[in-house]
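Breakdown of the fold
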Amino acid sequence: MSELAQNLTLPGALLAGLSPGVAAMLVMFASCAAVLGVVALNGMFLVWWERKISAHIQSRVGPMTTGYWHGWLQSIADGVKLLLKENIIPLMADRWLFMLAPLVVFMSAFMAFVPIPWGEKLIVADLNVGVLYIAAITSLSAIGVIMAGWASNNKWSLYGGMRAAAQIVSYEIPVGLALVPALLASSTLSMQGIVEVQAGGIWNWNIFAGGPFTIVAFGALFLASLAEVNRAPFDLPEAESELVCGFHTEYSGMCFAFFFLAEYSEMFVVAVVASVLYLGGWHDPLGLGILPGPVVLMAKVLLLVFVQMWFRWTFPRLRVDQLMYLAWKVLTPLGFINVFGAAFWLILV
Amino acid sequence: MSFEASIWYLVALLTLGTGAYVVFTRNIVRAAFALVFTFLGVAAMYVFLRADFLAAAQLLIYGGGITVLLLFGVMLTHRHEGMELKLDPLKALPAVAIAGGFFVAIWSAARRADWDLVAPVEPVGTSEAIGSAIMTTHLLPFEEISVLLLVVLIGALFVARRSGEEEGS
C-alpha cells in the first residue's frame with residue numbers, strides 16, 4: 001500500500017495535510033478500489049474473449065452484434081442483466097451460508113491480486129511472503145465452493161462441493177512442489193524480488209535456471225493450477241453433463257455473477273503466478289526495458305490464459321479417478337524429482 | 001484510537017465471535033465453517049505481531065487445508081438434514097471448569113507480567129530467519145517431526161486399508 005502511495009505523486013500531495021491514520025485509511029480504500037477495478041474489467045474482458053475463442057474453435061463467430069465491433073459490449077450487457085435479475089434463494093437452503101459462499105469465493109480471488117508486481121514501482125503491497133500468500137489465499141476459495149455446495153441443499157451442488165474439496169486438497173501439493181524450483185532459483189518469496197532476479201533477457205528467466213527440471217516444473221505448475229481453479233479438463237466440480245452446474249446450480253443473479261467473476265480472476269491469478277515465477281514477470285524477453293511493465297506482464301499472462309481456454313475447448317473432461325491418478329501418481333512424484341533436480345542443478349551447474 | 005488499533009479490535013471481535021459460535025452452535029457444518037473465520041482471525045493477529053511467514057502458513061495450513069479436510073469429513077459422515085450436536089450437562093460441567101481455570105491462570109499471568117512496551121517496529125521479513133533456524137539450531141526437532149509425520153502417514157494407511165487385501169487384489 002505505502003509503496004503505491006509513494007510511487008504515485010498525486011495521492012502524496014493530497015494526503016499531505018491529513019493525519020497519518022486517515023491517510024492510511026484513504027490509501028487502503030484507494031488501493032482496494034483500484035484492485036476491484038482491475039478484477040472487474042479483467043473479468044469482463046476474459047468472459048468476452050473466452051466466448052470468441054470457444055466460438056472460433058467450434059467454427060462459429062460468437063457474439064457479434066452488441067457494440068457493433070465483434071460484440072465487445074456483450075460482457076457489459078450480461079453484467080447489467082445479472083445485476084437486475086432476481087436473486088433466488090431456495091426455500092430449504094441455509095440462507096446465511098448460501099449468501100456468504102459467493103463472497104468467500106470472490107474475496108479469495110480479489111485478495112490474491114494484492115501482491116502482483118505490475119512494474120518496477122507498480123505494486124499494491126510487496127509482501128515479503130508474496131508467493132506463500134497467494135497460494136494460501138487462493139486455496140480459501142475451496143471453502144466457498146464447499147459452502148455453496150452444502151448450503152444449496154441440492155444433491156448436485158453437494159456432489160460438486162465434495163469433488164471440489166477432494167480436488168483442491170489433492171492439487172495443492174503438486175502446485176506447491178512446482179513453485180519450489182523457481183523459489184530456489186530466486187531465493188526469495190517476495191513477488192517483486194522474484195521478478196528482479198530475472199532481469200536481462202529470456203536466458204535469465206527462471207524457466208531456464210534449473211536446466212530441464214525448471215522447464216518441466218513450469219509445465220507441471222500450469223497443469224496443476226488448471227485443476228486448482230477448476231478449469232477444464234479438470235472442471236469436475238461443475239461438470240455440466242453430470243451435475244447440472246455443480247456447486248453453483250442454485251445460484252442466480254448477482255450471486256452467480258460473483259462465482260463467474262471469481263473463476264476468471266483465479267484463471268488470471270494463476271497465469272500471473274506462472275509468469276512471475278518462471279517467465280520473468282514484467283521483464284521483456286530481450287532485456288531492452290522499452291515497453292512498460294504492465295504491458296509485458298499482460299502479454300505473458302494473456303498468452304497463458306489463452307492456452308487455458310484452448311485446453312478447455314479442446315480436451316474432454318477427466319474422470320474423478322483419472323484426476324486423482326494424475327495428481328498423486330504423476331504430478332506429485334514429478335514435483336519431488338523437479339525440486340531435487342533443480343536444487344542439484346543450481347548448485348552444480 | 002488509531003486506524004490499526006480499530007482494525008485490531010474488529011479482528012479480535014471476529015475471532016472471538018466465530019470461536020464462540022463454534023463452541024455454542026448445534027449445527028456441526030456451520031460450526032466447521034465458523035472455524036474457518038476463527039483461523040483467519042488468528043492469521044490476522046499474526047500479521048499484527050509482524051510474523052508474516054507464520055500468518056501465511058496459518059492461512060495455508062489451517063484456513064485452506066485442515067478445514068477443507070474437516071468439512072469433507074463432516075459431510076461424508078452425517079446426513080444432509082443436519083445432525084444436532086447434543087449438549088450433555090454432565091460433559092459441559094467439567095469443560096466449563098477446565099476452561100474457566102485455564103482462563104483464570106492466563107488472566108493472572110497476564111496481570112502479573114511486566115509488559116515491556118516498545119514503539120511499533122517496521123515489518124521485517126521472517127522467513128529467512130525461520131529457515132536458517134530450522135536448518136541449524138533446531139535441525140533435530142525438525143527431523144523428529146518429519147519422522148513422526150511419516151509414522152502417522154503409514155499408520156493411517158494401515159488403518160484405512162480394507163482387511164483381506166493382503167493378497168494383492
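Please read all numbers here as calculations on a predicted model, not as lab measurements.

Turning our eyes to something else, we now look at unusual backbone geometry. All names here are of chain A. Unusually for a residue other than glycine, Ser59 sits at a positive phi of about 55°. Assignment of secondary structure puts Ser59 in the loop between helix 3 (20-57) and helix 4 (74-84). Phi at Ser187 is positive, roughly 40°, even though this residue is not glycine. The topology assignment puts Ser187 in the loop between helix 8 (155-186) and helix 9 (191-197).

Attention shifts here to the pattern of salt bridges. Residues and elements named next belong to chain A. Under the criterion given, the structure shown has three salt bridges over all chains. The residue Glu50 makes a salt bridge to Arg312 at a minimum N-O spacing of 3.8 Å. Here Glu50 is found in helix 3, whereas its partner Arg312 is found in helix 13 (residues 293-312), with 262 residues between them in sequence. The exposure class assigned to Glu50 is buried, which follows from its relative accessible area of 3%. On the basis of relative accessible area, Arg312 is assigned to the partly exposed category, the value being 22%. Residue Arg319 pairs with Asp321 through a salt bridge whose shortest N-O separation is 3.0 Å. With relative accessibility at 44%, the residue Asp321 sits in the partly exposed group.

Mapping Thr18 of chain B onto the fold places it in helix 1 (residues 3-24). Excluding residues within four positions of it along the chain, Thr18 of chain B makes contact with Ala34, Phe37 and Thr38 of chain B.

All names here are of chain A. With respect to the helices and strands, Pro174 occurs in helix 8. You can call Pro174 buried: its relative accessible area is 3%. On a C-alpha basis, the gap between Pro174 and Val330 in space is 9.3 Å, while along the polypeptide they are 156 residues apart. With sequence-adjacent residues up to four places away left out, Pro174 is seen in contact with Ala224, Ala327, Leu331 and Thr332.

Listed by partner, the interface residues are 32 residues for chain A and 28 residues for chain B. Across the chain A to chain B interface the summed buried area is about 2600 Å²; carbon plus sulfur atoms make up 81%. Ranking the residues of chain A by area buried against chain B places Ile143, Trp150 and Met162 of chain A at the top, with a combined share of 24%. Counting every contact that joins chain A to chain B gives zero salt bridges.

Here the focus is helix 13 of chain A. Given a rise of 1.5 Å per residue, 20 residues ought to cover 28 Å, and the 29 Å separating the end C-alpha atoms of helix 13 of chain A matches this to within 8%. Every buried residue belonging to helix 13 of chain A is among Gly293, Val296, Leu297, Lys300, Val301, Leu302, Leu304, Val305, Val307, Gln308 and Met309 of chain A, and all of these are buried.

Residues and elements named next belong to chain A. Relative to the 46 Å expected for 32 residues at 1.5 Å per residue, helix 8 spans 46 Å between its end C-alpha atoms, a close match to the ideal helical length. A bend of about 25° at Glu172 is the largest found in helix 8, and the proline Pro174 appears one to four places after it. Looking at the residues trailing helix 8, positive phi occurs at Ser187, about 40°.

Residues and elements named next belong to chain B. In this model, chain B carries a mean pLDDT of 81, and residues with pLDDT of at least 70 account for 84%. Averaged pLDDT values for the elements of chain B fall to 82 in helix 3 (residues 52-77) and rise to 91 in helix 6 (residues 139-160). As scored by the predictor, the complex reaches a pTM of 0.83 and an ipTM of 0.77.

On to a nonpolar patch on the surface, then. All names here are of chain A. A contiguous nonpolar surface patch, about 660 Å² in accessible area, is contributed by Leu41, Met44, Ile76, Val80, Leu83, Leu84 and Met254. Every element with two or more residues in the nonpolar patch is listed here: helix 3 and helix 4. Examining the composition of the nonpolar patch, we find that four residues originate from one element, helix 4, more than from any other. On the secondary structure map, Val80 appears in helix 4.

This part covers the packing of aromatic side chains. With the rule as written, the count across this model stands at 20 aromatic pairs over all chains. Taken together, the ring pairs in this structure connect Phe45, Trp48, Trp49, Trp69, Phe306 and Trp310 of chain A into an aromatic cluster.

With 104 residues, the main nonpolar core has Tyr171 and Leu277 of chain A together with Phe33 of chain B as its most contacted residues. If one sorts the elements of this core by residue count, helix 12 (residues 253-278) of chain A sits on top with 14 residues. Beyond its immediate chain neighbours, meaning those up to four positions away, Leu277 of chain A contacts Val131, Leu179, Ala182, Met191, Ile194, Gln198 and Asn206 of chain A.

Let us look at the side chain of Glu228 of chain A. For Glu228 of chain A, the position within the fold is in helix 10 (residues 212-228). When residues no more than four places from it in sequence are discounted, the contact partners of Glu228 of chain A are Ile168, Tyr171, Glu172 and Val175 of chain A.

The rules behind these values
- Residues numbered from 1 in each chain as written.
- Chains lettered and ligands numbered in written order.
- Predicted model: local features only at pLDDT ≥ 70, side-chain atom pairs only at ≥ 80, totals over all residues.
- Heavy atoms only, no water.
- Helix = DSSP H or I, 4+ residues; strand = E, 2+ residues; numbered from the N terminus.
- Salt bridge = Lys/Arg side-chain N within 4 Å of Asp/Glu carboxyl O.
- Buried < 20%, exposed > 50% of the residue type's maximum accessible area, 1.4 Å probe, protein only.
- Contact = heavy atoms within 4.5 Å.
- Buried area = accessible area lost by both parts, 1.4 Å probe.
- Expected span 1.5 Å × (residues − 1).
- Bend = angle between axes of the 7 residues up to and from the residue.
- pLDDT = per-residue confidence, 0-100.
- Patch = residues over 30% accessible without salt bridge, like charges linked within 9 Å, V, L, I, M, F, W, Y side chains within 5 Å.
- Areas by Shrake-Rupley, 256 points an atom, 1.4 Å probe, with all protein chains shown as cover.
- Phe/Tyr/Trp six-rings, centres within 6.5 Å; stacked < 30°, edge-to-face > 60°.
- Core = buried A, V, L, I, M, F, W, Y, C linked by side-chain atoms within 4.5 Å.

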